[in-house]
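Read off the chains here:
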Amino acid sequence: MLFTTTTFAVFFLIVFAAYYLAGEKRRHWQNVLLLAASYVFYCWWDWRFGFLLAFSTVLDFACAHAIVVHSKNRKAWLGISITANLLLLGVFKYYDFFASSLAGLITGMGLSVHLPLLKLILPVGISFYTFHGLSYIIDVYNKRLNPCRNIVDYSLFVSFFPLLVAGPIERATHLLPQIQAKRSFNYGLAVNGLQQLLWGLVKKLVIADNCAYFANYIFGHYTTLPASSLLLGALFFSFQIYGDFSGYTDIASGVAKLLGFRLLRNFDFPYFSRSIAEFWRKWHISLTSWFRDYLYIPLGGSKEGRARTVRNVFIVFLVSGLWHGAGFTFIIWGLLHALYFLPGLFLSRNREYASQPVAEAKVWPSWIDLIKMSTTFGLVTLAWIFFRAESLVQAAGYCKGLLSLSLFSVPLLYNFPYAATTLLLLVGFIIIEWRGRNREFAIEGMAKDKPKLLRWVLYCFLVFAVLFFMNTDKTSFIYFRF
């Protein structure tokens, strides 16, 4: 069930009406309703996936209580939960990749081997809800959090439908208190949620899906196109994945706000970053912070010498690559970002822009900031080529194709009028994002000081833009694969 379909719209209207009809005094029944709706939403893809989600949920709920009740064996219960979660993730997502890679390596050594492949369907969102459960059980073990006593509340934390299949990756310390609190309709929060939902639809349907049309064509015909077209293809994919993923997050956050919840922020205008370190503080924030708290810091972080810090950086980005997908292209993508990260680490400049917004109190960036943003965006776009490519051969061929004098030629664009329109939409999108870069999302509080009539004209304009410029070829969200 995609956010951008009429099926979801009808589903959500039913849930929304029933949710508030239950009333704030019946919080438990509100949670039961949301839990049931979340499983309906999830099982819409394949009802069998629901059993896997339920098993993971009950396992972590039980192990968390066992950690407290059987304190002498608390480490064993933590180990059972982590092992079981990673085993499920490994079997469904990584077994075939490692089995085929190992078989290829052994065959390359002149030996004959056949390792069976499972060819399992990857459950939607398994990487996301697995990390929900892992953060919860680790926080209980480290006594940052008392175990949840109500199985309905905990199950809703794991499976809350707006964030279930593509995040953000929530923390129990942030979401569980909201689940356990009374909730009534909040008009201001609902208006903010509708604005964010609308902007998410613009990002997905107007920006991401239109960019996908050209990115798919160019990546599919990279051997016959000039370097200038390949450069455009990489740029189109950069905005496709940003519009797609941050668009999903905005829709999810908007839907959650309509139900009285505030989700963790997942994007902070990352393409305006002036360094790779700043980019990773602004891109997929919930995943970056998860790796920082549950992997990088436990490994020693940056407190055990330069060599171990470098090792920890490479481990985090390698795992990040594998988290995104079982393939060598994702591994290279992660390792590229690790290499990008090192200069700032060696020069002790990775926190340089942590509290300094770009072009603060200015209309436009300085030339220095513009050069830094362009350089960072260029490096990120280069890495996206490996992320998008279907194989290392395609990625290498694509990069090789960029190293040509045809880079300075006029790009060959399939369906030129459509391409020109998409590029103009991108320019407008970038300007709006830049003007709204200090807000949670670009159109937050749009024209709030203006007459109500003008605000509604602007809302209608955005709705018209979605209906008129949306690509009619429906595409799934990219991060559903992870």
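Everything below is about the structure printed above this text.
Below, the structure is looked at part by part. This is a predicted model, so every value here is computed, not measured.

## What to know about the overall build of the protein chain
Item 1. For the protein chain, the count of helices and strands is 17 helices and zero strands.
Item 2. Taking the principal axes of the C-alpha coordinates as reference, the protein chain spans close to 75 × 70 × 45 Å.
Item 3. Relative to its full complement of 482 residues, the protein chain shows a buried share of 54%.
Item 4. Sequence-distant contacts in the protein chain: of pairs separated by 6 or more residues, those separated by 24 or more amount to 77%.
Item 5. For the protein chain, the accessible area works out to roughly 22700 Å², and carbon and sulfur atoms hold 68% of it.

## Details of the packing of aromatic side chains
Item 1. Applying the stated rule across the entire model yields 67 aromatic pairs.
Item 2. With 3.9 Å between their ring centres and 20° between their planes, phenylalanine 131 and tryptophan 290 make a pair best called stacked. Of this pair, phenylalanine 131 sits in helix H5 (residues 126–141) while tryptophan 290 sits in helix H11 (residues 285–296), and the two are 159 residues apart along the sequence. The pair formed by phenylalanine 131 and tryptophan 290 is uniform in burial state, with each residue classed as buried.
Item 3. Ring centres of phenylalanine 239 and tyrosine 271 lie 5.6 Å apart, and the angle between their planes is 80°; this geometry places the pair in the edge-to-face category. Taken together, the residues phenylalanine 239 in helix H9 (residues 227–258) and tyrosine 271 in the loop between H9 and helix H10 (276–282) connect sequence positions 32 residues apart.
Item 4. By relative accessible area, which is 11% here, phenylalanine 239 ends up buried.
Item 5. Directly above the ring of tyrosine 141 sits arginine 74, whose terminal nitrogen or CZ lies 4.4 Å from the centroid.

## A look at the environment of alanine 215
Item 1. Summarising the element assignment, alanine 215 is placed in helix H8 (residues 187–220).
Item 2. Sequence separation of alanine 215 and phenylalanine 341 is 126 residues, and the distance between their C-alpha atoms is 27 Å.

## Quick look at the environment of glycine 401
Item 1. Looking at where glycine 401 falls in the secondary structure, it is placed in helix H15 (residues 392–402).
Item 2. Relative accessible area serves as the criterion here: at 23%, glycine 401 is assigned to the partly exposed category.
Item 3. For the pair glycine 401 and aspartate 209, spaced 192 residues apart in sequence, the C-alpha separation works out to 25 Å.
Item 4. If we skip the residues at most four places from it in the chain, glycine 401 touches Ala227 and Leu230.

## Things to note about the layout of surface pockets
In this approach the atoms are scanned with a rolling probe the size of a water molecule, which exposes any empty space left behind.
Item 1. Its volume calculated, the largest pocket comes out at about 830 Å³.
Item 2. Lining the largest pocket are 28 residues; nearest its centre among them are Thr288, Arg292, Tyr296, Phe341 and Arg351.
Item 3. Listing elements by their share of the lining of the largest pocket, those giving two or more residues are H10, H11, helix H12 (306–324) and helix H13 (328–346).
Item 4. Each residue belonging to the lining of the largest pocket can be placed in one class, and the counts come to 12 nonpolar, 11 polar and five charged.

## Examining the side chain of serine 135
Item 1. Its place among the elements puts serine 135 in helix H5.
Item 2. A polar atom in the side chain of serine 135 sits 2.9 Å from the backbone oxygen of histidine 132.
Item 3. With sequence-adjacent residues up to four places away left out, serine 135 is seen in contact with Glu170, Arg171, Trp290 and Tyr294.

## Side note on the nonpolar core
Item 1. Grouped together as the largest cluster of nonpolar side chains are 152 residues, with contacts concentrated most on Tyr136, Phe161, Tyr271 and Trp283.
Item 2. The biggest single contributor to this core is H9, with 15 residues.
Item 3. Filtering out sequence-adjacent residues up to four positions away, tyrosine 136 remains in contact with Asp60, Ala64, Leu145, Pro147, Cys148, Tyr154, Phe157, Ala172 and Leu176.

## Comments concerning the packing of helix H4 (residues 74–108) against H5
Item 1. Taken N-terminus to C-terminus, the directions of H4 and H5 make an angle of 170°; their axes are 10 Å apart at the nearest point. Comparing the axis directions of H4 and H5 gives the class roughly antiparallel. On the side of H4, the interface is formed by Arg74, Lys75, Leu78, Ser81, Ile82, Asn85, Leu86, Leu88, Leu89, Phe92 and Lys93, while H5 contributes Ile126, Ser127, Thr130, Leu134, Ile137, Ile138, Val140 and Tyr141.
Item 2. For the contact of H4 with H5, the residue count by class is 12 nonpolar, four polar and three charged.

## Examining empty space enclosed by the protein
Item 1. Counted under the stated rule, the structure contains one cavity of 30 Å³ or more.
Item 2. If you trace the largest cavity, you find 17 residues lining it, with Gln196, Asp250, Arg265, Phe267 and Glu440 closest to the centre.
Item 3. Those elements giving two or more residues to the lining of the largest cavity turn out to be H8 and H9.
Item 4. When residues of the lining of the largest cavity are assigned to their parent elements, the largest contribution, four residues, is made by H9.
Item 5. The class makeup of the residues in the lining of the largest cavity is seven nonpolar, four polar and six charged.

Reading the values: the criteria
- Residues numbered from 1 in each chain as written.
- Predicted model: local features only at pLDDT ≥ 70, side-chain atom pairs only at ≥ 80, totals over all residues.
- Heavy atoms only, no water.
- Helix = DSSP H or I, 4+ residues; strand = E, 2+ residues; numbered from the N terminus.
- Buried < 20%, exposed > 50% of the residue type's maximum accessible area, 1.4 Å probe, protein only.
- Contact = heavy atoms within 4.5 Å.
- Areas by Shrake-Rupley, 256 points an atom, 1.4 Å probe, with all protein chains shown as cover.
- Phe/Tyr/Trp six-rings, centres within 6.5 Å; stacked < 30°, edge-to-face > 60°.
- Lys NZ or Arg CZ within 6 Å of the ring centre and 35° of its normal.
- 1 Å grid on protein atoms, 1.4 Å probe; cavity = no way out; pocket = protein on both sides within 12 Å on 5 of 7 lines; lining within 4 Å.
- Points joined across faces, edges and corners; volume = space filled by probe spheres on them.
- Nonpolar A, V, L, I, M, F, W, Y, C, P; charged D, E, K, R; others polar.
- Polar contact = N/O pair within 3.5 Å; in protein donor to acceptor, adjacent residues only side chain to side chain.
- Core = buried A, V, L, I, M, F, W, Y, C linked by side-chain atoms within 4.5 Å.
- Axes fitted to C-alpha atoms, helices over the stretch in contact; angles between N-to-C directions.
- Parallel < 35°, antiparallel > 145°, perpendicular 65-115°, else oblique.

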